Amino acid sequence: MRSLISILDLSSDEIREIFAQAARLKAERKRWEKLLRGKTLGLLFDKPSLRTRVSFEVGMHQLGGYTLYLGPHEVGLGKRESVKDIARTLSRYLDCLVARVFDHTTIVELAREADIPVINGLSNLFHPCQILSDLFTIMEKREKKLKDIKIAFIGDGSSNMANSWLCAAAQFKINLAIATPQRYEPNAAVLLKTREAGGKSFLRNVCVLRDPVEAVKEADVIYTDTWVSMGQDEERKERKRAFRRFQVNEELLQSAKPDVMVMHCLPLHRGEEITDTVIESPQSIIFDQVENRLHLQKAILLFLLDKKTY
Ligand code: CP
Ligand code: NVA
């Protein structure tokens, strides 16, 4: 039995298998509509969500399964009941669980105590479903191999998305430049873990910079995320001040290649981390990312529940 807590839980071959499944599922939706008949997926969410919740619910429905949503007020994760008891209880009813939590240790504990596969639907440290969909989207758009792609991540270098890009850089030898203020550099433990996983090529391919213009040079993708992640509302004012120079705008795009692609995991804040003009520009592939969450997560469910489309 496998869980998906960060993409480092999977080998690069397994990830390629998931991408191939996602492509088949995207091409032929009808053919696979009974694969998860009789299966129930739980969505245990301690934070709000639009994309993750809807794409898992719709994906499960399209595969013939059933989904049960459990929001923050129903369960009281770690408050009304311990994480351990919740994991054990849900294992007796469900076939698979997606959890969205504040503290990463909660998802680790859920996975350890559950007897069913647990999928990280976002924690403060990682967002594996998002990064896998984004890698899949990049591969759809570019003929290049992932190892030949350069990503410029602009903004909060300490966010779950920046951490997830570090994991992707380690797994696929991706060239990654993170432009972020000093205070918001990547989490030291994550950097250590990804550096170990990525070996020598990681040291060559990954850099943390202060200058967004330098970061976007020769980049195939400019990626950004909110400056204020869920659970950081009290820091809103100081974060908006610290990240002012790190906006993805028309001027920054002028320093990049003309065919650079712009990506954002959403939810986005128009006029903060990204401008309206960039969101609406032909370089933006943001809503293709949104769609691919659906196809990719269906492939994750099939992988963890040991079902195949071939
Ligand atoms: N990108 C993403 O995970 O969106 P939600 O927070 O709406 O699920
Ligand atoms: N960094 C953001 C990602 C949202 C999908 C957050 O955690 O709120």
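A brief report on the enclosed structure follows. (Residues numbered from 1 in each chain as written. Chains lettered and ligands numbered in written order. Predicted model: local features only at pLDDT ≥ 70, side-chain atom pairs only at ≥ 80, totals over all residues. Heavy atoms only, no water.)

1. Observations regarding the sheet that holds strand β8 (residues 221–224)
Then step 1. With parallel pairing, 5 strands are arranged side by side in an open sheet as β7-β6-β5-β8-β9. The sheet is open, and its two edges are formed by β7 (206–209) and β9 (261–264), each paired on a single side. Strand-to-strand twist across the sheet, computed as the mean angle between neighbouring axes with direction ignored, equals 20°.
Then step 2. Looking at chain direction, strand β5 (residues 150–154) and β8 are connected through 4 bridges and run parallel. Opposite F153, over in β8, you have Y223 as the bridge partner.
Then step 3. Those strands touched by helix α7 (residues 160–172) are β5, β6 (175–179), β7 and β8, and its axis lies near 160° from that of β6.
Then step 4. Of the strands in this sheet, β8 and β9 are in contact with helix α13 (residues 286–304), which crosses β9 at around 50°. (Pairing = 2+ DSSP bridges. Helix = DSSP H or I, 4+ residues; strand = E, 2+ residues; numbered from the N terminus. Axes fitted to C-alpha atoms, helices over the stretch in contact; angles between N-to-C directions. Contact = heavy atoms within 4.5 Å.)

2. Focus on the packing of aromatic side chains
Then step 1. Considering all chains together, one arrives at 7 aromatic pairs under this definition.
Then step 2. Consider the rings of W165 and Y223, whose centres lie 5.4 Å apart with planes at 70°: the pair is edge-to-face. Pair noted here: W165 is in helix α7 and Y223 is in strand β8, with a separation of 58 residues, a long-range link.
Then step 3. Under the relative-accessibility criterion, W165 is labelled buried at 0%.
Then step 4. Through pairs of rings, three or more aromatic residues link up here, namely Y184, W227, F243 and F246.
Then step 5. We note R53 situated over the ring of Y69; from NZ or CZ to the ring centre the distance is 3.6 Å. (Phe/Tyr/Trp six-rings, centres within 6.5 Å; stacked < 30°, edge-to-face > 60°. Buried < 20%, exposed > 50% of the residue type's maximum accessible area, 1.4 Å probe, protein only. Lys NZ or Arg CZ within 6 Å of the ring centre and 35° of its normal.)

3. With respect to the pairing of β5
Then step 1. Most of β5 is tucked away: 5 of the 5 residues are buried.
Then step 2. By the alternation rule, side chains of β5 split into K150, A152 and I154 and I151 and F153, which are all buried.
Then step 3. Both β5 and β6 contribute to a ladder of 5 bridges, which runs parallel. Bridge pairing in β6 links F153 to I178.
Then step 4. Where the polypeptide runs from β5 across α7 and back to β6, its parallel neighbour, the crossover connection is right-handed. (Right-handed = clockwise from strand over helix to strand, strands pointing away.)

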